[in-house]
Amino acid sequence: MIKNYFKIAIRNLIKYKYFSILNTLGLALGMSVSLLLISYYAYVSSFDDFHTKKENIYRVISTLEKGVDQNDLASSPFALVARLQSESTGIKEIVRISATFQGDVVSNKLNLPIHGYYADRSFFSVFDFEMIHGNPLTALSKPNSIVLTESVANKIELSGDLLHKTIEIDGLGSFEVTGIIKDEKRTHFMFEALVSMSTLPAAVRGEEINPDQWTSYRDEYIYFLVDNSLDIEKFQQSLNHIASDVSSQSKDSKVSFELQALGDITPGPDLDNSIGPDTDYTLIVVFGTLSLLILIPACFNYTNISIARALKRSKEIGLRKTMGGLKTQIFFQFITEAITIAVISLIGAIIIFLLMRPEFEDLMPGSWLDLSLTWEMIVMFLILSIVAGFLAGVLPAMHFTGLNPIQALRGQSNSKRFSQMQVRRMLIIFQFALSLCFIVFLIVFGRQYRYNLNYDYGFNTENILDIELQGVDPAKFKSEFSRLSAIRDFSMSSDILGLSYSSTHVRERSSYDSVEAFQMFADSNYVRNMGLQLLAGHNFPSVFSQQEQHVLVNEEFLRTWKIANPID
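For clarity, every value in this text was computed on a predicted model and none was experimentally measured.

1. Remarks on helix H6 (residues 232–248)
Here H6 is 17 residues long and its end C-alpha atoms lie 24 Å apart, about the 24 Å a rise of 1.5 Å per residue gives. Regarding H6, the residues found buried are Phe235, Gln236, Ser238, Leu239, Ile242, Ala243, Val246 and Ser247. One side of H6 carries all its buried residues, which in axial view fall inside an arc of 165°. Away from the buried face of H6 by more than 90 degrees, exposed residues Glu233, Lys234, Gln237 and Ser248 are located. For H6, the elements touching its buried residues are strand E1 (57–66), helix H3 (79–87), strand E3 (91–105), strand E10 (220–226) and strand E11 (253–261).

And the structure:
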């Protein structure tokens, strides 16, 4: 029976070729964007699936409140480890990770920048990164031990044979290569090197009392491997108890901790200080809405055209009913036709997907996204086409199964019932409404994009080159580059204006309430070089005195603090 359904469906597609071509193109365009969404979700949701103990791996995330500011952080303080070890049971392994390692490899006449993590020796006991050379159990046991990814090892040494050799990292010293691991893209970790945690001072590792250990812990991450018998709710109560103790000792800050399963990290909530790529649900929701705005009108288009062809198909349906055809058989016949068109459309949708894929991958910073076709993705694409075909064909199938056989044989389509229900009219209105929403969305998005590109930030951006000194003496750098005729002026700053800042909290002496303020440090040439306009006061002095402190603030700062006259 199923074979006959498909045989009749193919014959009708060939017979009504213009109808078939129109619907195939419409569904192909509609499904192509959905394929991007499915492939993106399939990729990020497969992160860290290769860890055999993934069901028992958790990390601690934090919420830090200072005044009216609240930060949801993916990091947590190392000082938490000692408290949990003494107050909780069921923890098999603990991995501390500090995402602060970066430097330039200067061995073999290279100047190769690398970045990575400081990690405990238990890292390879918890996570299953494949080690090509070396012993994973001892690779991070000694100070100044480093494990490299295969790609970085090949850049340093063409043969990649660096095991037990020493490499020099500018400003950090010599490190012994104790392991080479295989590159792994499907993980929320992004590193080129792992350095033993014992390389860091004890105070940084959280093993000595640090006054800022509970309030300043960016780039510190804690992962746990737990027993199957661990009571997660009881463990969370221990975290709440520790957070309550810490918060009671602080006057202007409050902290809370929460367990997060490894499988909930990607995709997951939007957290600051994330250790890996940004894969929160926001992009999925926005992209999913866009996909529906394209796919649903394409399905409605098929429905409307199919119902409009009721008169041509009515005699066929009437004859089949007269010969004893059941409603379910007619229903599945039209569903089969719709699904067949959707599956054929999938071929065109995949071609469009392959054309759009490189552009979509380039939108993600860091080149971490890889949407290469896999069998898993193809199966999901096929499921999408079947679902889209069913949605597009269900109303026409219901319409044709409800035809009166006598009227159908006379060529009188019983579409009056559909007219009374105003189904077609509602579908057409809804289809045009969705299309209009999509067009408006594209117009707004395009204008916003052009606005961001052409926005005047209030400072000079033409012919300005930002260079990270990477530990180079600023005086020597300025002296050497001043000899170049193309360079007109120099200025030094701690961050890039309009792009990166550090933050601090400002409060009045008589108040405990504070306000977060973003800051950067600069020299006296910076205001002139960037074309900044001083509305009041004067620039930094060219020669600083250690007893003097100078600060320039913007208008928003004055409004926040209700300062009418900044000169007073």
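2. A few points about the layout of surface pockets
Counted as a void, the largest pocket has a volume near 2000 Å³. Taken together, 45 residues line the largest pocket, and the ones lying closest to its centre are Val551, Leu552, Val553, Asn554 and Phe557. Within the residue set of the lining of the largest pocket, elements represented by two or more residues are strand E12 (502–506), strand E13 (515–519), helix H15 (526–529) and helix H16 (555–560). One number sums up the size of the second largest pocket: a volume of about 1200 Å³. Looking at the second largest pocket, it is lined by 38 residues, and the ones nearest its centre are Ile464, Leu465, Asp466, Ile467 and Asn529.

3. As for the packing of aromatic side chains
Counted according to the given criterion, the structure contains 19 aromatic pairs. Judged by centre distance (6.2 Å) and plane angle (75°), the rings of phenylalanine 101 and phenylalanine 175 are edge-to-face. Taken together, the residues span a long stretch of sequence, with phenylalanine 101 in strand E3 and phenylalanine 175 in strand E8 (residues 173–181) at a distance of 74 residues. In terms of burial, phenylalanine 101 and phenylalanine 175 fall into one category: buried. Relative to tyrosine 223, the ring of phenylalanine 189 has its centre 5.4 Å away and its plane inclined at 55°; by these criteria the two rings are tilted. Taken together, the residues phenylalanine 189 in the loop between E8 and strand E9 (193–196) and tyrosine 223 in strand E10 connect sequence positions 34 residues apart.

4. Some thoughts on the pattern of salt bridges
Taken as a whole and judged by the stated rule, the model has four salt bridges. Where aspartate 49 meets lysine 54, a salt bridge forms, and the shortest distance between an N and an O atom there is 3.4 Å. Note on aspartate 49: relative accessible area 40%, which makes it partly exposed. As a salt-bridge pair, arginine 83 and aspartate 245 come within 3.1 Å of each other at their nearest N and O atoms. You can see arginine 83 sitting in helix H3 and its partner aspartate 245 sitting in helix H6, a full 162 residues away along the chain. Taking relative accessible area as the criterion, arginine 83 reaches 23% and is therefore assigned partly exposed. Here aspartate 245 falls in the partly exposed class, since its relative accessible area comes to 25%.

5. A look at the packing of H3 against H6
Where H3 meets H6, the axes come as close as 11 Å, and the angle between the chain directions of the two elements is 130°. Considered as vectors, H3 and H6 are oriented oblique to each other. The crossing of H3 and H6 is right-handed. Of the residues in H6, those in contact with Leu80, Arg83, Leu84 and Glu87 of H3 are Phe235, Ser238, Leu239, His241, Ile242 and Asp245.

6. Focus: unusual backbone geometry
Going from threonine 266 to proline 267, the amide bond is cis rather than trans, its omega being -15°. Residue asparagine 273 is not a glycine yet carries a positive backbone phi of 55°. Tracing the backbone through its elements, the reader meets asparagine 273 in the loop between E11 and helix H7 (281–308).

Rules used in this analysis
- Residues numbered from 1 in each chain as written.
- Predicted model: local features only at pLDDT ≥ 70, side-chain atom pairs only at ≥ 80, totals over all residues.
- Heavy atoms only, no water.
- Helix = DSSP H or I, 4+ residues; strand = E, 2+ residues; numbered from the N terminus.
- Expected span 1.5 Å × (residues − 1).
- Buried < 20%, exposed > 50% of the residue type's maximum accessible area, 1.4 Å probe, protein only.
- Arc of directions from axis to C-beta.
- Contact = heavy atoms within 4.5 Å.
- 1 Å grid on protein atoms, 1.4 Å probe; cavity = no way out; pocket = protein on both sides within 12 Å on 5 of 7 lines; lining within 4 Å.
- Points joined across faces, edges and corners; volume = space filled by probe spheres on them.
- Phe/Tyr/Trp six-rings, centres within 6.5 Å; stacked < 30°, edge-to-face > 60°.
- Salt bridge = Lys/Arg side-chain N within 4 Å of Asp/Glu carboxyl O.
- Axes fitted to C-alpha atoms, helices over the stretch in contact; angles between N-to-C directions.
- Parallel < 35°, antiparallel > 145°, perpendicular 65-115°, else oblique.
- Left-handed = near helix turned anticlockwise from the far one by under 90°.

Coordinates in, geometry out; function isn't part of it.
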